[in-house]
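These are the residues of each chain, in order.
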Amino acid sequence: MNYVEGAPIRDTKAPAGPIEERWEKRKFGAKLVNPANKRKLNVIVVGTGLAGGSAAATLGELGYRVKSFCYQDTPRRAHSIAAQGGINAAKNYRGDGDSIYRLFYDTVKGGDFRARESNVYRLAQVSVNIIDQAVAQGVPFAREYGGLLDTRSFGGAQVSRTFYARGQTGQQLLLGAYQALERQIAAGTVEMFTRHEMLDLIVADGRARGVIVRDMVTGEIERHVADAVVLATGGYGNVFFLSTNAKGCNTTAIWRAHERGAYFANPCYTQIHPTCIPVSGEYQSKLTLMSESLRNDGRVWVPLRKGDGRAPGDIPEDERDYYLERIYPAFGNLVPRDIASRAAKNVCDEGRGVGPGGLGVYLDFRDAIGRLGRDAVEKKYGNLFEMYERITGENPYDVPMRIYPAVHYTMGGLWVDYDLQSTIPGLFVIGEANFSDHGANRLGASALMQGLADGYFVLPTTIGDYLAAGPFGEVDEEAVAAAEIKVRSRIDRLLAVNGTRTPDSFHRELGKLMWEYCGMERTEQSLRKALERIPELREEFWRDVKVSGTAEELNQVLEKAGRVADFFDLAELMCLDALVRTESCGGHFRAESQDADGEALRDDETFAHVSAWEYSPEGEPVLHKEPLEYEYVKMTQRSYK
Amino acid sequence: MAVTGAVMVIFLLAHMLGNVKIFFGRESFNAYAHGLRTLLEPMAPYRLLLTVLEIVLVVSVVAHMWAAISLARRARKARPVKYVAKKSQAGGYTTHIMRFGGVTIVLFVVWHLLDLTFGVVNPKGFDSTPADRMIAGFDASRWWVTLLYVVAVVMIGLHLRHGIWSAFQTLGLANRARYRALKAVAALVSAALVIGFLAPPLAITFGVIK
Amino acid sequence: MNLTLKVWRQSGPSDAGRMVTYRVEDVSPDMSFLEMLDVLNERLILEGDDPVAFDHDCREGICGMCGMVINGVAHGEQRATTTCQLHMRHFEDGATITIEPWRAAPFPVVKDLVVDRSAFDRVIQAGGFVSVPAGSAPDAHSIPVRKEDADDAFDAATCIGCGACVAACPNGSASLFTAAKITHLSLLPQGQPERLSRAKAMVDQMDAEGFGGCTNTGECTAVCPKGIPLDTIAQMNSDYLKANAK
Ligand SMILES: Cc1cc2nc3c(=O)[nH]c(=O)nc-3n(C[C@H](O)[C@H](O)[C@H](O)COP(=O)(O)OP(=O)(O)OC[C@H]3O[C@@H](n4cnc5c(N)ncnc54)[C@H](O)[C@@H]3O)c2cc1C
Ligand code: HEM
Ligand code: HEM
Ligand code: SF4
Ligand code: F3S
Ligand code: FES
């Protein structure tokens, strides 16, 4: 697959001036919508996760007429529910030297200098309000005996700024947003459509004007039009088949928007989480994350000797390799996710991995239990140990846990400007679905922050600036009909193939291919191989997939097939993006670009830009580069040694 | 449900204590029965208080039954299609025999009133002292009556072992810290009632009281 | 392992439905229950049959989407475990397993094992929230909360809205679900202003949806994957009685 280079993106709409004042300035500059007019303005929000749920609730409160969509049976089940660890905020409640500036700095650095300064600064500013909002909603964050909020340090941060609700922070925050959303539904400002899947975007006269959705229960294809459309449909980690994402996570909504003209930015940036429960067999359907906090007390090791088949307890101390502590003495087991993940892959590639297929490393609590006592360890990690035992049947108090990296988060997504608007006017993208504020690597506990910042605070302001020019009148009937026909014919096509392989079997194969060739480590060769293989597999899919049932009923096979079809197209773009970016940065490690110690080597001369891809129906994708400038944080190579 | 149940429980406690008086001789027992009818005299006419009590009781029984029936009907409506397989996970059979137990109790009370209050099915008939009726009623030759009482009273015990705890829960007076205590109280009260109620008839049947 | 499954099949709300028997072979004990069903479904698809529809999403016990009655027990016999977290090592080789959907009138069957739980959303809509528009919140530290209260509120807040409580309750009551939310908000200072009106509105909505009444049988808490405690129901009753006394 080839590409052509298009015009660079110069203006992201971020105001100029001192970074602390930019958001204030933008807010003041945004046009206001008169309250009476709000009732005449319709907004569609697709997705009810932290980003979409909070956005729909807030827009409803503001007086817009909102339609909200999700594919689950209730908005409360969006994938955000699964986030365990916590949410960052620059509250500095501990007085440990945290500040908005420091959170900004850490996030830019953590993202390996591939995020926008203006956006990240705003995120850090707004983080403070998120905690206030959530607490006021009754989110039961962990508290100390004095009654004040507890925080912890997370993912190697040197300050304690992560707020948490046991191991269920995402759930509690999402329930807060969900309850706010239900309140608006009761008030009549938001109309909710559950079990509805968005299958296309309606673009008319150059504006996003609505969506085509399928009622997943009746199979009916519905058209919904509005004055603006917000996509909050989450990440696409499931392109790898196995990931920590929920089974339904997909790229369909953003991919179809991409096909309609929205640029797709940095598709190759994927985050691999180092502490997941390893695969146990072919049938495996998803991977389960074990909270990163386990690395605070667990020690990671593998046998020194290749193919050492002994039980972990039989391996004496001097035949163990605590490789993180050895290679990164300063940070030890707490190095950032990308580094811990790659180190695990390296030792397994050397043949020193443990468990089925040699794809695992030990995370050992023996020393922690010795030091703190079993009770203390149980108090801290009891839930996680239980979960581990439930899944693996092994008791981590006696046998070390086995962990392995897994795909966890996608930093790429639809390109948006400072206002969170995509390249299609009227199409806004928030949460994990946009290319986000995380650059090439996301720090732990910052996705929740970003989703809620976008939904509660940023979007509701910036969308007003766009809607102030509305309502935009009748929607061109032809555009709507064309989108609907496209959706219908695609469904018919899927049903008509009637081949010999299930959608899952294709998805599994695609996932393996992506993991192998576009996973933790990428090379030119591997990516070229993937780019050769994906189109073949896609062709086979459209020739040989078997979708049972009909389009006029609840048909989970059909849903699945549609999503897999889009994953093929996305996978190709991911590999292309990864191929073009010959540097290593954050979650994207190009084997050709490493220093003498085998650490990632960034190339700021050539690649300090966002890669925004434009879809072209017949020809080759067009690459638009948005240069990244750093005025406040000096670009340096990350070092955790 | 809880309020009516509680009223009945209080009645039963008093009733049980009264019954135990038979151990102190016929006079003591007859005096108690008489006392019931002359309580508060001369301020109130003969049997006023007892009548009020009876009305409260009847209302309670009816309301309790009505509540139980409407709960059962709601439950049936809430699950029109039954499970093919269904297995209880909450320990304790007492919770599952509440309705059956309740019906048993009512049938028993009917018999009981005919027996000891109106003497219709009592060998001594209506014109006799309560103590006579009782002692005759539970004569060893009528062992099956005693057996009936035993079964019924045990049923009541089971009903209340869950019911008393349940009433606290229904009234919102229970919490995690109190559960153990409440369950113990429920078990204790039920046991006391069972023992207290059964002692006199058994004593009569086995000839301890003549 | 080899298993015999008796699965409830119902093509839609108007179909009467029936149990259908399937054999599944070569089940690994490390599979999750849903992965075992995936295996069955892959086969059914290739045979041109309709695969068994069931709800699921996170597959890690937190979204509340999955749920079926397995051998007569909601989410299966392993305690405090959702269906997706149940693993086949807990079943015997050669066993026969019956699988049924949640059964309750307010949860009509959509297809096979998929039911419509939107009644829960309407119970929340009735008042399961704190009315606080975005941007109007005071500083988070302006309202301290006793740690014990925060912990208890948290215990109640962990409800995942799966509906197993309703499925297990002999009365088809949604009391545990409703009580969990009422208790969560009742225990926190933020929930106080709307406390009684919330309890009243939510309980009334629960009744209006056609759920049964609670007779304190405790089946719900026994199957609840999050172990929502029974005293939440006492809390709900207390708030509800107070609201009605006003
Ligand atoms: C296991 C796990 C743990 C995590 N832990 C943390 C953590 O501790 N801290 C942290 O900050 N981040 C964490 N993350 C990341 C974080 O949870 C997510 O990035 C974030 O929640 C995404 O939120 P969202 O609102 O963008 O999307 P989601 O929550 O994924 O919501 C997507 C919504 O879009 C809807 N949708 C999707 N496609 C369609 C369609 N085609 N049609 C209609 N609707 C559609 C879905 O129904 C859903 O409502 C974790 C992620 C995982 C997987
Ligand atoms: C017609 C006969 C009866 C029937 C059908 C009946 C049925 C029931 C049922 C189904 C319950 C369960 C409700 C719950 O646990 O909340 C119950 C509760 C209870 N019953 Fe009965 N019962 C009957 C008679 C009695 C009698 C005679 C007493 C007392 C002596 C009694 C005392 C109680 C108490 C205290 C409760 C607990 C109330 C509550 O939790 O709200 N019942 N009964
Ligand atoms: C087994 C032991 C019991 C004995 C020996 C016993 C005895 C009596 C006697 C002697 C009377 C007549 C009192 C009088 O006329 O003054 C009476 C009345 C009555 N008993 Fe019992 N009883 C027993 C158990 C019960 C139980 C278990 C119940 C209820 C569930 C019950 C309910 C009543 C009622 C409702 C009356 C009528 C009270 C009235 O007229 O006001 N009894 N009992
Ligand atoms: S109370 Fe428990 S069983 Fe009921 S919905 Fe909530 S989590 Fe599920
Ligand atoms: S099982 Fe049902 S009866 Fe009440 S205690 Fe639970 S709701
Ligand atoms: S699938 Fe999410 S709880 Fe089971």
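Just so it is clear, the model here is predicted, and its values are computed rather than measured.

Conventions used here
Residues numbered from 1 in each chain as written. Chains lettered and ligands numbered in written order. Predicted model: local features only at pLDDT ≥ 70, side-chain atom pairs only at ≥ 80, totals over all residues. Heavy atoms only, no water. Helix = DSSP H or I, 4+ residues; strand = E, 2+ residues; numbered from the N terminus. Buried < 20%, exposed > 50% of the residue type's maximum accessible area, 1.4 Å probe, protein only. Areas by Shrake-Rupley, 256 points an atom, 1.4 Å probe, with all protein chains shown as cover. Lys, Arg positive; Asp, Glu negative; His and termini not counted. Charge placed at Lys NZ, Arg CZ, Asp CG, Glu CD. Near = heavy atom within 4 Å. Polar contact = N/O pair within 3.5 Å; in protein donor to acceptor, adjacent residues only side chain to side chain. Nonpolar A, V, L, I, M, F, W, Y, C, P; charged D, E, K, R; others polar. Contact = heavy atoms within 4.5 Å. Buried area = accessible area lost by both parts, 1.4 Å probe. Salt bridge = Lys/Arg side-chain N within 4 Å of Asp/Glu carboxyl O. Domains from an automatic or database assignment. Donors = N, O, S within 2.8 Å, 3.2 Å for Na, K, Ca; no water. Pairing = 2+ DSSP bridges. Axes fitted to C-alpha atoms, helices over the stretch in contact; angles between N-to-C directions. Left-handed = near helix turned anticlockwise from the far one by under 90°.

Focus on the overall build of chain C
Regarding its fold elements, chain C presents eight helices and seven strands. Along the three orthogonal principal directions, the C-alpha set of chain C runs to about 60 × 35 × 35 Å. Taking all 246 residues of chain C together, 66% fall into the buried category. Accessible surface, chain C: about 7,500 Å² in total, of which carbon and sulfur atoms supply 50%. Charge separation in chain C, taken as the distance between the mean sites of 21 positive and 33 negative side-chain charges, equals 5 Å.

So, the site of ligand 1
All names here are of chain A. Taken together, 37 residues sit near ligand 1, with Gln72, Ser80, Met198, Glu432 and Leu448 positioned nearest. Note that a nitrogen atom of ligand 1 is positioned 3.4 Å from one of the backbone N or O atoms of Gln84. Surface burial for ligand 1 is 98%, taken as the share of its 1,000 Å² of free accessible area covered by protein chains. Elements with a minimum of two residues in the shell around ligand 1: helix H3 (50-62), strand S8 (196-204), strand S17 (401-410) and helix H12 (447-467). Per element, the largest residue contribution to the shell around ligand 1 is three residues, and it comes from S8. Each residue belonging to the shell around ligand 1 can be placed in one class, and the counts come to 16 nonpolar, 18 polar and three charged.

Considering the interface of chain C and chain A
Contacts between the two partners involve 74 residues from chain C, matched on the other side by 74 residues from chain A. In total, about 6,200 Å² of surface goes out of reach between chain C and chain A, with carbon and sulfur atoms giving 54% of it. A per-residue breakdown of the area chain C buries against chain A is headed by C:Asp57, C:His141 and C:Phe154, which together make up 12% of the total. Taken together, the links from chain C to chain A amount to six salt bridges.

Focus: the domain arrangement of chain A
Residues and elements named next belong to chain A. According to the domain assignment, chain A consists of domain 1 (24-270 + 409-467), domain 2 (273-408) and domain 3 (477-604). Contact residues are listed per partner, giving 44 residues for domain 1 and 49 residues for domain 3. Across the interface of domain 1 and domain 3, roughly 3,900 Å² is buried in total on both sides, 58% from carbon and sulfur atoms. Where domain 1 meets domain 3, there are nine salt bridges.

Concerning the interface of chain B and chain C
Between chain B and chain C, the contact holds 31 residues from the first and 44 residues from the second. Sorting the residues of chain B by area buried against chain C places B:Tyr83, B:Gln89 and B:Arg176 first, and these three jointly supply 23% of that buried surface. The partner of C:Glu77 in a salt bridge is B:Lys87, and the shortest N-O contact between them spans 2.8 Å. Counting the contacts that link chain B with chain C gives 33 residue pairs in polar contact (both at pLDDT 80 or more). Partitioning the side of chain B that touches chain C into residue classes produces 13 nonpolar, 10 polar and eight charged.

A look at the coordination of the iron atom of ligand 3
As a benchmark, a tetrahedral metal site with four donors has ideal angles of 109.5 degrees, while an octahedral site with six donors has ideal angles of 90 or 180 degrees. All names here are of chain B. The coordination sphere of the iron atom of ligand 3 contains the protein donors His15 (NE2) and His112 (NE2), at a distance range of 1.9 to 2.0 Å. Residue classification places His15 among the buried residues on the basis of a relative accessible area of 19%. A relative accessible area of 17% means that His112 is categorised as buried.

Quick word on the pattern of salt bridges
All names here are of chain A. On inspection of all chains with the given rule, the structure shows 87 salt bridges over all chains. Ionic pairing is found between Arg295 and Glu292, a salt bridge with its closest N-O pair at 2.9 Å. Note on accessibility: Arg295 and Glu292 belong to one class, buried. Where Asp569 meets Arg538, a salt bridge forms, and the shortest distance between an N and an O atom there is 2.6 Å. In this pair, Asp569 is assigned in helix H16 (residues 556-580) and Arg538 in helix H15 (residues 524-544), connecting sequence segments 31 residues apart. Note on accessibility: Asp569 and Arg538 belong to one class, buried. Ionic contacts of the salt-bridge type, sharing partners, join the residues Asp112, Arg114, Arg581, Glu583, Arg602 and Asp604 into one network.

Regarding the arrangement of the chains
Ranked by contact count, the leading pair among the two pairs of chains in contact consists of chains A and C. Without any contact between them, chain A and chain B keep their closest C-alpha atoms 19 Å apart.

Structural notes on the domain arrangement of chain C
Many analyses report the size of an interface as the accessible area lost when the parts associate. All names here are of chain C. By the assigned domains, chain C splits into domain 1 (3-109) and domain 2 (117-245). Distance from the C-alpha centre of domain 1 to the C-alpha centre of domain 2: 29 Å. Summed over both sides, the interface between domain 1 and domain 2 buries roughly 1,400 Å², with carbon and sulfur atoms accounting for 62% of that surface. Broken down residue by residue, the surface that domain 1 buries against domain 2 is led by Trp102, Pro106 and Phe107, which jointly contribute 37%. One can count one salt bridge joining domain 1 with domain 2. With its nearest N and O atoms 3.5 Å apart, the salt bridge here joins Arg117 to Asp55. If you look at where domain 1 meets domain 2, you find five residue pairs in polar contact (both at pLDDT 80 or more).

A word on the site of ligand 5
Taken together, C:Cys169, C:Asn171, C:Ser173, C:Ser175, C:Cys214, C:Thr215, C:Asn216, C:Thr217, C:Gly218, C:Glu219, C:Cys220 and C:Leu230 make up all the residues around ligand 5. Tallied by class, residues from the shell around ligand 5 come to four nonpolar, seven polar and one charged.

As for the pairing of strand S11 (residues 228-231) of chain A
Residues and elements named next belong to chain A. Alternating positions in S11 separate into two faces, Ala228 and Val230 on one and Val229 and Leu231 on the other, with burial throughout. Bridging between strand S2 (residues 42-46) and S11 involves four bridges; their strand directions are parallel. Residue pairing across strands places Val46 opposite Leu231, the latter belonging to S11. Sheet topology places S11 next to strand S19 (residues 427-429); three bridges connect them, and they run parallel. By the bridge assignment for S19, Val230 is matched with Phe428.

Some remarks on the packing of helix H2 (residues 118-125) of chain C against helix H5 (residues 175-186) of chain C
All names here are of chain C. One can describe the packing of H2 onto H5 by two numbers: an axis separation of 11 Å at closest approach and a directional angle of 30°. Every pair of crossing elements has a handedness; the one defined by H2 and H5 is right-handed. Listed contacts from H5 to Phe120, Val123 and Ile124 of H2 are Phe177, Thr178 and Lys181. Grouping the amino acids of the contact of H2 with H5 by side-chain chemistry returns four nonpolar, one polar and one charged.

Some points on the environment of A:Leu558
All names here are of chain A. Relative to the assigned elements, Leu558 resides in helix H16. Between the C-alpha atoms of Leu558 and Gln172, which are 386 residues apart in sequence, the distance is 32 Å. With residues near it in sequence (within four places) discarded, Leu558 still touches Arg214, Ile491, Leu494, Leu495, Val547, Thr550 and Ala551.

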